[in-house]
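Descriptive analysis of the structure
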Amino acid sequence: MDTSSIPHEHIIEEKYMNRFFQVLKSGIDRTRTAISVIFLSVSDIREQKEEEITVFLEKKIRLSDVLCKLEAPFQWCLILSQSGEEEACAFLNRLFSNESFREDFSFSASVVEIGNSYAEFEKVVEKGRTSLDVALQSGAGHIEYVKDFKKKNLVHIKVSILEENDILRNVIQTSLEDLKIDGFQLEIRTFQDGYDFLNSNWYLSSHPHVMIMNDILPRKNGLEVLHTVRHLPNNKKFIVFMMTQRNSEEDMVYAYESGVDQYLVKPFSLRLFEAQIKRVFERFWS
């Protein structure tokens, strides 16, 4: 069917789907948010309903989503931006329960969640259409899910430990090396003082960066290092843990106002520290 006569604003031709897919996929690593591709079809309907369904679907998607009427009869493809499998399922359930259309036909669908930037559009289409055939054979309202592309890319995190005491520095390093955090790859370096850290190129890359440092260090102390990194253009990439023996309210307030994210009063619990590290990763980069 020729849909070129329909004044759709958010519908693209099938031959351009790959281009839009690549654009939306490019943001997955940055936002850590998946996209979903839905393959949709109906059965037992009259031929003249196809254009009406296309108009209906266009009204149901968001401005950030993409809709394509596929060349195969009564088949559509939707790309939902910043939406995983759960959001796609909720969208389909709302679609399937629409009273005005349910009497005339029934939808079946397959959902492909894309969690990484390596997924190839051709393979997504192949898997999605195969699963759509299974959904149609299973009956009206059935949804199939493709799991092949859900795995997220590893997030590369730099970790700096700034501590003069050899024993404490090694304990923290070992604790982090043994920590199991799915989806993250840690690259750890240690420094005995702030001067060595600031004279390295280690902290200048764009990678997310966790700093665990003592407030008292030779040559350049922790607060001087903190002041330097918080005045960098990309300073939000740093999550700073400050280790200290100072536990007064004034000291804590000053540290937080200076840009510290977590305040660790010595001696501190290693288990609590590990839980805080995990929480930081989940909050900022998951």
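Note that this is a predicted model, so its numbers are computed, not measured. (Residues numbered from 1 in each chain as written. Predicted model: local features only at pLDDT ≥ 70, side-chain atom pairs only at ≥ 80, totals over all residues. Heavy atoms only, no water.)

**A few points about the overall build of the protein chain**
For clarity, the threshold we go by: Helix and strand assignments follow DSSP, with helices taken as H or I runs no shorter than four residues and strands as E runs no shorter than two, numbered in order from the N terminus. Throughout, the radius of gyration refers to the C-alpha atoms, and the reference size of a globule is 2.2 Å times the residue count to the power 0.38. The cut-offs for exposure are 20% and 50% of the maximum accessible area for each residue type, with area from a 1.4 Å probe on protein chains only; residues under the lower value are buried, those over the upper are exposed, and the others partly exposed. Here, two residues are considered to be in contact whenever any of their heavy atoms come within 4.5 Å of each other.
Along the protein chain, the regular secondary structure elements total 11 helices and 11 strands. Here the protein chain has a C-alpha radius of gyration of 26 Å; the compact-globule value for 286 residues is 19 Å, and the former is much larger. Counting only C-alpha atoms and orienting by the principal axes, one finds that the protein chain spans roughly 80 × 35 × 35 Å. Per-residue burial over the protein chain gives 48% buried out of 286 residues. Within the protein chain, contacts between residues at least 6 apart in sequence are counted, and of these 73% link residues at least 24 apart.

**Thoughts on the nonpolar core**
Note the following rule: To form a nonpolar core, buried Ala, Val, Leu, Ile, Met, Phe, Trp, Tyr and Cys residues must be joined to one another through side-chain atoms within 4.5 Å.
Ile38, Leu40, Leu57, Leu92, Leu95 and Phe107 are the most contacted members of the largest nonpolar core, which has 22 residues in total. The element that contributes the greatest number of residues to this core is helix H4 (residues 85-96), accounting for 5 residues. Excluding anything up to four places from it in sequence, Leu95 contacts Leu40, Phe56, Leu57, Lys60 and Phe107.

**Here's the deal with the sheet that holds strand S10 (residues 238-244)**
Hydrogen bonds along the backbone pair up the strands of a sheet, which may run parallel or antiparallel. Note the following rule: By the convention used here, strands pair only if DSSP detects at least 2 bridges between them. Note on geometry: axes are lines fitted to C-alpha atoms, helical ones only across the stretch in contact, with angles between N-to-C directions running from 0 to 180 degrees.
Taken together, the 5 strands give an open sheet; going across it, the order is S8-S7-S9-S10-S11, and neighbouring strands pair in parallel fashion. Among the strands making up the open sheet, the edge pair consists of strand S8 (184-191) and strand S11 (262-265). With strand direction ignored, the average angle separating the axes of adjacent strands in the sheet is 15°. Pairing between strand S7 (residues 155-162) and S8: 8 bridges, direction parallel. Bridge assignment links Ser160 to a residue of S8, and that residue is Arg189.

**What to know about the side chain of Gln276**
By secondary structure assignment, the location of Gln276 is in helix H11 (residues 270-285). Exposure remark for Gln276: the relative accessible area of 19% places this residue in the buried category. If sequence neighbours within four positions are ignored, Gln276 has contacts with Phe241, Gln262 and Leu264.

**Some words on the pairing of strand S2 (residues 35-43)**
With 8 of its 9 residues buried, S2 lies for the most part within the structure. Where S2 and strand S5 (residues 106-114) come together, 9 bridges link them in antiparallel fashion. Its bridge partner lying in S5, Ile38 is registered against Val111. Summarising the sheet, S2 and strand S4 (residues 75-80) pair through 6 bridges and their orientation is antiparallel.

**Overview of the environment of Glu14**
Which entries qualify depends on this criterion: We define a polar contact as two N or O atoms separated by no more than 3.5 Å, with the added condition that, inside protein, one atom must be a possible hydrogen donor and the other a possible acceptor, whereas residues neighbouring each other in sequence contribute only through side-chain atom pairs.
Inspection of the secondary structure assignment puts Glu14 in the loop between strand S1 (11-12) and helix H1 (17-25). In this structure the C-alpha to C-alpha distance between Glu14 and Lys25, which are 11 residues apart in sequence, comes to 17 Å. Leaving out residues up to four positions away in the same chain, Glu14 has contacts with Cys68, Leu70, Glu71 and Arg129. At 2.8 Å, the side chain of Glu14 and the backbone nitrogen of Glu71 are in polar contact.

**Topic: H4**
Here is the rule: By definition here, a helix of n residues has an expected span of 1.5 Å times n minus one. Starting at the helix axis, one direction is taken to each C-beta atom, and the arc is that of these directions.
With 12 residues, H4 extends 16 Å from end C-alpha to end C-alpha; this agrees with the ideal 16 Å at 1.5 Å per step. Those residues of H4 that sit buried are Glu85, Ala88, Cys89, Phe91, Leu92, Leu95 and Phe96. One side of H4 holds all its buried residues, which, seen down the axis, span an arc of 160°. The outward face of H4, more than 90 degrees from its buried face, is lined by the exposed residues Glu86 and Arg94.

**Considerations on the sheet that holds S5**
One open sheet holds the 6 strands; their spatial order is S1-S3-S4-S2-S5-S6, and the pairing between them is mixed. Since the sheet does not close on itself, it has two edges, and those belong to S1 and strand S6 (143-146), each with one partner. Bridge count between S5 and S6: 4 bridges; the pairing is parallel. Bridge assignment links Val111 to a residue of S6, and that residue is Tyr145. Of the strands in this sheet, S1, S2, strand S3 (66-69), S4 and S5 touch helix H3 (residues 50-60), which is tilted by about 175° from S3.

**Some points on helix H7 (residues 166-178)**
Look at H7: 18 Å from first C-alpha to last across 13 residues, which is about the 18 Å you get at 1.5 Å a residue. Buried within H7 are the following residues: Arg169, Ile172, Ser175 and Leu176. Along the long axis of H7, the arc covered by the buried residues comes to 130°, so they all point the same way. Among the exposed residues of H7, those pointing more than 90 degrees away from its buried face are Ile167 and Asp178. The N-capping residue of H7, defined by a side-chain oxygen 3.0 Å from the backbone nitrogen of Ile167, is Asn165.

Just geometry here; none of it tells us what the structure is for.
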